[in-house]
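An overview of the molecular structure
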Amino acid sequence: MSRTRIVGGKITEIIHGDYNIYSASDIIFNSEKSVIPNGKQGIVIGNKVEKITSKDNSNDEENNKPEYIVEFKHTPSYDGEFGFDWMRGNWLTGDCVEGLEELKKIYTPFQVNLKHYQTQKPYGDYYVPWLIMFPNHKEKIGKEVQLLVTAPMEYQDSSLLNSTEDEEFSLKTSNSSLRVEPSKLNINDCLSGAVITIYCDSPLKNDETITAIASNGAIVGKINVMKNSHYQELIINIHIVNVYIIDNPNFNKSIIETEVNSIGGLQIIEDYLNKRSLNQALIQVKFQYNKGNTYDVGIKQKDLLSINEGKNPKTNKKSEKYAPFIDILIDKNNFVLDKRKVIDLFSLLFKEKYKEVLNTRSIILHLTSLLSKAGGISSICPLDERNSVIFKTNLSHLFSYAHEIGHVLGLPHTFLNEGKNYQQLAREAEIYARKRKEIADKIRNFIKHAINMRSPNIDKIKSENEAEFIEAETQGKKWEIIARDYRKIQKYDIYKFRQKKTSNIMDYDLNDQKFFNKYQIDIMQSEAKKYYAKK
């Protein structure tokens with residue numbers, strides 16, 4: 001007796017116990033493709049256990065060994081329209097001078113077991129680049145997110161090079177809100193670089209990945225995609241202020257306007273910040289005006305000269321308020337300012353004229369026709385110091401605006417600074433805070449002693465010492481905050497590179513400042529939310 005069963009589809013049997021088949025004759029398996037026995041503990045043939053596993057088993061290291069690698073780069077037309085950060089080769093070979101081992105971890109490396117076909121040098125760590133983009137990015141920025149995918153031939157396995165079959169890999173996203181087009185690429189198309197477009201259809205609540213997977217299941221490349229669901233918490237108002245000398249044609253308001261208009265005007269600067277620089281950190285800015293015009297702080301020439309002598313320009317008399325600005329003019333004829341004193345002076349002049357702005361969460365950007373030995377200046381400490389200055393020489397230099405605002409948002413330079421480091425500055429601030437506190441305590445104890453002794457002049461003693469006590473206590477608290485913030489900035493300042501070797505906006509190569517790095521983006525977002533972004 002025989003039986004034939006024809007099934008047009010698939011048969012699946014699930015057995016919760018043993019499954020025994022017995023035949024008095026041969027048992028024959030035939031297949032148009034493969035016969036695949038799987039056993040977690042092996043396959044028993046006779047009384048011997050053979051370690052035979054499925055060719056399609058995704059956990060089989062040999063079958064999933066990469067035969068090539070693909071790398072992701074920005075396209076030649078990239079102009080800062082989205083955030084993209086990767087481990088540069090020159091950083092690994094000496095241009096990162098501090099913090100390299102910690103920096104490596106940011107790019108979540110994994111080992112690639114491939115060797116250079118000529119030198120046999122191992123590929124080693126694959127450093128995963130970071131992509132930072134808005135949901136529906138093109139609607140926000142006006143440009144699509146496009147990357148170049150390359151497959152370096154020197155790291156292709158010989159079996160692949162000798163194969164006559166085309167090899168394709170897939171680009172798989174960890175979140176359905178992310179899409180890549182095309183989602184499959186032929187390896188040969190990537191030899192000279194293939195362009196992919198990445199879409200984010202809705203906000204990402206977590207960091208996600210795009211993984212390149214070869215036909216054999218091997219991971220051959222990857223991109224980290226930063227979460228972006230918080231982008232609406234990163235909108236910052238920036239008050240635009242013109243600071244100039246009213247009665248000197250070489251330093252009046254028209255000088256500022258001419259320089260700014262030479263690059264297209266304030267709208268071009270705002271667009272640059274929103275679409276080619278700060279947007280890399282998901283930050284958007286809105287320029288704020290005074291009834292449609294810039295906030296104006298015009299100074300008469302004689303008043304600036306009075307301030308230079310520590311005098312109040314309104315009374316032309318010595319003033320404690322203006323004493324810090326003695327010798328602020330390091331060149332009186334050309335109105336070159338000491339950059340160390342500029343922010344405090346411009347901040348004071350702005351506060352006196354526009355008190356209503358003081359209680360807003362915003363950055364104040366001073367554009368000035370005056371000069372300094374620097375192109376711009378921003379105080380990084382305390383971390384809530386929101387004033388930034390662009391001097392005449394750099395008013396038409398777009399990168400300077402992002403550079404100075406980067407300082408306001410907590411970013412140090414990428415290179416080693418000459419002189420004191422932030423640890424030294426923190427110690428000095430702590431010493432100064434302690435001394436001011438000791439003065440305040442001394443005055444407090446003196447007044448307390450007079451009260452206990454029932455001094456008949458207690459009111460006079462209080463009035464004579466009250467101002468000094470308040471000043472000492474205020475300064476003590478101020479310097480405690482500065483010391484705390486210097487400690488925090490010290491933690492931000494752990495990665496250092498050779499100057500002009502990064503293409504970073506916080507570097508000093510005025511012809512090549514295009515990128516923010518992932519670690520900087522984390523800092524900027526944190527500081528923006530804490531101090532400046534609208535709530």
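Residues numbered from 1 in each chain as written. Predicted model: local features only at pLDDT ≥ 70, side-chain atom pairs only at ≥ 80, totals over all residues. Heavy atoms only, no water.

Some points on the overall build of the chain
- Per the secondary structure count, the chain includes 12 helices and 27 strands.
- Pairs at least 24 apart in sequence give 67% of the contacts found in the chain among residues at least 6 apart.
- Counting every atom, the chain has about 30000 Å² of accessible surface; 47% of that belongs to carbon and sulfur. (Helix = DSSP H or I, 4+ residues; strand = E, 2+ residues; numbered from the N terminus. Contact = heavy atoms within 4.5 Å. Areas by Shrake-Rupley, 256 points an atom, 1.4 Å probe, with all protein chains shown as cover.)

Focus on the nonpolar core
- Leu-103, Ile-236, Leu-273, Ile-283 and Leu-367 are the most contacted members of the largest nonpolar core, which totals 68 residues.
- In terms of residue count, helix 12 (residues 518–532) provides more of this core than any other element does, 7 residues in total.
- Ignoring anything within four residues of it in the chain, the contact list for Leu-367 reads Ile-240, Val-241, Asn-242, Val-243, Ile-256, Val-260, Leu-266, Ile-390, Leu-395 and Tyr-401.
- Formed by 41 residues, the second largest nonpolar core is a distinct cluster that contains Phe-110, Leu-178, Ile-198 and Cys-200. (Core = buried A, V, L, I, M, F, W, Y, C linked by side-chain atoms within 4.5 Å. Buried < 20%, exposed > 50% of the residue type's maximum accessible area, 1.4 Å probe, protein only.)

Some remarks on the sheet that holds strand 8 (residues 130–132)
- Strand order in the open sheet formed by 6 strands is 4-8-15-14-10-12, with mixed pairing between adjacent strands. Two strands lie at the open edges of the sheet, namely strand 4 (83–85) and strand 12 (184–186), each paired on one side alone. Direction aside, the axes of adjacent strands within the sheet are offset by 20° on average.
- As judged from the 3 bridges shared by strand 10 (residues 168–173) and strand 12, these two strands associate in the antiparallel manner. Its bridge partner being in strand 12, Ser-170 is matched across the sheet by Lys-184. (Pairing = 2+ DSSP bridges. Axes fitted to C-alpha atoms, helices over the stretch in contact; angles between N-to-C directions.)

Points about helix 7 (residues 301–308)
- Here helix 7 has its buried residues at Asp-303, Leu-304, Ser-306, Ile-307 and Asn-308.
- Tucked into the core, helix 7 has its buried residues touching strand 16 (235–245), strand 18 (295–299), strand 19 (311–312), strand 21 (329–331) and helix 8 (339–353).

Observations regarding the sheet that holds strand 9 (residues 145–150)
- Spatial ordering of the open sheet is given by 3-9-13-11, a layout of 4 strands whose pairing is antiparallel. Each edge of the open sheet carries a strand with a single partner, namely strand 3 (71–74) and strand 11 (178–181). When the angles between neighbouring strand axes are averaged without regard to direction, this sheet yields 35°.
- Sheet analysis places strand 11 next to strand 13 (residues 194–200), joined by 4 bridges and oriented antiparallel. For Arg-179, the partnering residue across the bridge sits in strand 13 and is Tyr-199.

A look at the packing of aromatic side chains
- Summed over all chains, the structure comprises 21 aromatic pairs.
- The interplanar angle of 90° and the centroid separation of 4.9 Å between the aromatic rings of Tyr-295 and Tyr-354 together place this pair among those described as edge-to-face. Placement of Tyr-295 in strand 18 and of Tyr-354 in the loop between helix 8 and strand 23 (362–368) is noted, with a sequence separation of 59 residues between them. Here the two residues Tyr-295 and Tyr-354 agree in accessibility, since each one is buried.
- Taken together, Tyr-78, Phe-82, Phe-84, Trp-86 and Phe-515 form an aromatic cluster joined through their ring pairs. (Phe/Tyr/Trp six-rings, centres within 6.5 Å; stacked < 30°, edge-to-face > 60°.)

Focus: a nonpolar patch on the surface
- On the surface, Met-153, Leu-161 and Leu-191 cluster together into a nonpolar patch covering about 250 Å² of accessible area.
- If you trace the backbone, Leu-161 turns up in helix 4 (residues 158–161).
- Note on Leu-161: relative accessible area 39%, which makes it partly exposed. (Patch = residues over 30% accessible without salt bridge, like charges linked within 9 Å, V, L, I, M, F, W, Y side chains within 5 Å. Salt bridge = Lys/Arg side-chain N within 4 Å of Asp/Glu carboxyl O.)

Points about the confidence of the model for the chain
- A residue-level look at the chain finds 88% of positions with pLDDT of 70 or above and a mean pLDDT of 90.
- Note that residues 49–61 has pLDDT below 50 and, in this model, 24 contacts with residues that lie over four places away or in other chains. (pLDDT = per-residue confidence, 0-100.)

Quick word on the packing of helix 6 (residues 266–275) against helix 9 (residues 398–408)
- For the pair helix 6 and helix 9, the least separation of the axes is 10 Å and the interaxial angle reads 55°. By the criterion of interaxial angle, the relationship of helix 6 to helix 9 is oblique. Handedness of the helix 6/helix 9 crossing: right-handed. Between helix 6, through Ile-268, Ile-269, Tyr-272 and Leu-273, and helix 9, the contact on the second element is made entirely by Leu-398, Phe-399, Tyr-401, Ala-402 and Ile-405.
- Class assignment for the residues of the contact of helix 6 with helix 9 results in 9 nonpolar, no polar and no charged. (Parallel < 35°, antiparallel > 145°, perpendicular 65-115°, else oblique. Left-handed = near helix turned anticlockwise from the far one by under 90°. Nonpolar A, V, L, I, M, F, W, Y, C, P; charged D, E, K, R; others polar.)

A word on the side chain of Glu-404
- Assignment of secondary structure puts Glu-404 in helix 9.
- Of the polar contacts made by the side chain of Glu-404, one reaches the side chain of Ser-378; its length is 2.8 Å.
- With residues up to four places along the chain from it excluded, the contact list for Glu-404 reads Gly-376, Ile-377, Ser-378, Ser-388, Val-389 and Ile-390. (Polar contact = N/O pair within 3.5 Å; in protein donor to acceptor, adjacent residues only side chain to side chain.)

A closer look at unusual backbone geometry
- Look at the link from Glu-181 to Pro-182: it is a cis peptide, with omega at -10°.
- Positive phi, close to 35°, is recorded for Thr-108, a residue that is not glycine.
- The residue Thr-108 is located in the loop between helix 2 (100–106) and strand 6 (110–115) in this model.
- You can call Thr-108 partly exposed: its relative accessible area is 37%.
- Phi is positive for Asp-327, close to 65°, though the residue is something other than glycine.
- Examined against the element boundaries, Asp-327 turns out to sit in the loop between strand 20 (317–318) and strand 21.

So, the environment of Phe-325
- Here Phe-325 lies in the loop between strand 20 and strand 21.
- A residue is classified by how much of its surface remains accessible, and Phe-325, at 4% relative accessible area, is buried.
- For the pair Phe-325 and Ser-306, spaced 19 residues apart in sequence, the C-alpha separation works out to 9.7 Å.

Points about the packing of helix 11 (residues 458–492) against helix 12
- At a closest axis distance of 11 Å, the pairing of helix 11 and helix 12 adopts a crossing angle of 150°. In terms of axis orientation, helix 11 runs roughly antiparallel to helix 12. Along its contact with helix 11, which presents Arg-484, Lys-488 and Tyr-492, the element helix 12 presents Tyr-519, Ile-523, Ser-526, Glu-527, Lys-530 and Tyr-531.

Points about the pattern of salt bridges
- Applying the stated criterion to the full structure yields 20 salt bridges.
- Among the salt bridges present, the one from Lys-105 reaches Glu-102, with a minimum N-O distance of 2.9 Å. Residue Lys-105 and its partner Glu-102 are located together in helix 2, separated by 3 residues, close to a single helical turn.
- Under the relative-accessibility criterion, Glu-102 is labelled partly exposed at 40%.
- As a salt-bridge pair, Arg-484 and Asp-485 come within 3.0 Å of each other at their nearest N and O atoms.
- Taken together, the salt bridges that share partners define one network made up of Arg-179, Glu-181 and Asp-201.

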